Amino acid sequence: MNETFKSSSIKDPVRPNEVHLTDKGVSFKMKKLIGGTEQFVFYSDISGVEIDSGMFFATIRVIPRARPEIVIENFTKGDAQRIKALILERV
């Protein structure tokens, strides 16, 4: 499985965040005005996934074991639900 989801270009057209799902784990790319961060988590290290839904967009919170939670914002509600379902299938 190789799927990539990008955050909404409506909310942040210059710096879209990305979630890339692979066979072994999930990669999160959070872009900032200058630079950004990338984190990778194995499916076996994930203890939960939460979604905070707003009116149009959603925030995804991935809770890994023994690490701080990973928060990635500005996804459509549909993409957020799909990401959560794909991660929970592998956990």
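Below: a short report on this structure. This one's a predicted model, so the numbers in the text were calculated from it and none came from an experiment.

## Digging into the sheet that holds strand β3 (residues 25-31)
Okay, so step 1: Strands sit in the order β1-β2-β3-β4 across an open sheet of four strands; the sheet is antiparallel. Two strands close off the open sheet at either side, each with one partner strand: β1 (3-6) and β4 (36-42). This sheet shows a mean twist of 15 degrees between the axes of neighbouring strands, independent of strand direction.
Okay, so step 2: The strands that helix α1 (residues 77-90) touches are β1, β2 (18-21) and β3; relative to β1, the one it contacts most, it runs at about 145 degrees.

## Quick notes on the nonpolar core
Okay, so step 1: Core analysis: the largest hydrophobic core is formed by 21 residues, its most contacted members being Val19, Leu21, Val26, Phe28, Ile46, Ile60 and Ile87.
Okay, so step 2: Counting only elements with at least two residues in this core, the list comes to β2, β3, β5 (46-53), β6 (57-64), β7 (70-76) and α1.
Okay, so step 3: Looking at which element gives the most residues to this core, the answer is α1, with four residues.

Thresholds applied
As a convention, each chain's residues are numbered from 1 in the sequence order in which they are written. Residue-level local features of this predicted model are given only where pLDDT is at least 70; pairs of side-chain atoms are given and counted only at 80 or more, and the full residue set underlies all totals for whole chains, interfaces and linings. Side-chain descriptors were evaluated using all non-hydrogen atoms of the structure, hydrogens and water having been removed beforehand. The pairing criterion is simple: DSSP has to find at least two bridges between the two strands. Only DSSP runs of H or I with at least four residues qualify as helices, and only runs of E with at least two residues qualify as strands; both kinds are numbered from the N terminus onward. To define axes, lines are fitted to C-alpha atoms, for helices over the stretch in contact only, and angles between the resulting N-to-C directions are given on a 0 to 180 degree scale. Residue contacts are counted whenever heavy atoms from the two residues lie within 4.5 Å of one another. As used in this record, nonpolar core signifies buried Ala, Val, Leu, Ile, Met, Phe, Trp, Tyr and Cys residues forming a set joined through side-chain atoms within 4.5 Å. Exposure is judged per residue with a 1.4 Å probe applied to protein chains only, and the accessible area is read against the type maximum: over 50% gives exposed, under 20% gives buried, and values in between give partly exposed.

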